[in-house]
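So you can see what is in the structure, the chains are spelled out below.
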Amino acid sequence: QVQLVESGGGLVQAGGSLRLSCAASGSIFSIKALGWYRQAPGKQRELVATITIGGTTNYADSVKGRFSISRDNAKNTVYLQMNSLKPEDTAVYYCRLDRVNWGGYWGQGTQVTVSS
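Cut-offs used in this document
Residues numbered from 1 in each chain as written. Predicted model: local features only at pLDDT ≥ 70, side-chain atom pairs only at ≥ 80, totals over all residues. Heavy atoms only, no water. Pairing = 2+ DSSP bridges. Helix = DSSP H or I, 4+ residues; strand = E, 2+ residues; numbered from the N terminus. Buried < 20%, exposed > 50% of the residue type's maximum accessible area, 1.4 Å probe, protein only. Lys, Arg positive; Asp, Glu negative; His and termini not counted. Salt bridge = Lys/Arg side-chain N within 4 Å of Asp/Glu carboxyl O. Polar contact = N/O pair within 3.5 Å; in protein donor to acceptor, adjacent residues only side chain to side chain. Contact = heavy atoms within 4.5 Å.

What about the pairing of strand β3 (residues 18-26)?
The two faces of the sheet receive side chains in turn, since in a regular strand these alternate between them.
Moving on, step 1. In terms of strand pairing, strand β1 (residues 2-7) meets β3 through 6 bridges, oriented antiparallel. Counted as the bridge partner of L4 is A24 from β3.
Moving on, step 2. By the bridge criterion, 6 bridges tie β3 to strand β8 (residues 77-82) in an arrangement that is antiparallel. Residue pairing for β8: C22 is matched across the bridge by V78.

What to know about the side chain of R99
Moving on, step 1. Assignment of secondary structure puts R99 in strand β9 (residues 91-99).
Moving on, step 2. Buried charge without a salt bridge: R99, with D98 as the nearest opposite-charge side chain at an N-O distance of 9.0 Å.
Moving on, step 3. Of the polar contacts made by the side chain of R99, one reaches the backbone oxygen of S27; its length is 2.7 Å.
Moving on, step 4. If we ignore the near neighbours within four places in the chain, the residues touching R99 are V2, S27, I28, F29, S30, I31, K32, G104 and Y105.

Here you go:
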């Protein structure tokens, strides 16, 4: 009933910037939070940033000061502005929508590759 579509990934050089977008469609209601997670090859999926529907944000220590999450509730869209990118940021980035009580949904992911 809910589809999350990520866009904006790509290949950039270290120090560059990318902006990821995630648009939700379908039965959109009872949203608690939106967020971004990432998974590098051979590693666990990890939290990057989250934002509640009320605007409270949370960031992984590794991205604080470089990444910024924002949302447009009217468009059911969440963004991740990534600046000062490092090779260690290379991963598949996944959008996440959390319901108030009963779980949530994952997007298909978008590849971000940062070259040295």
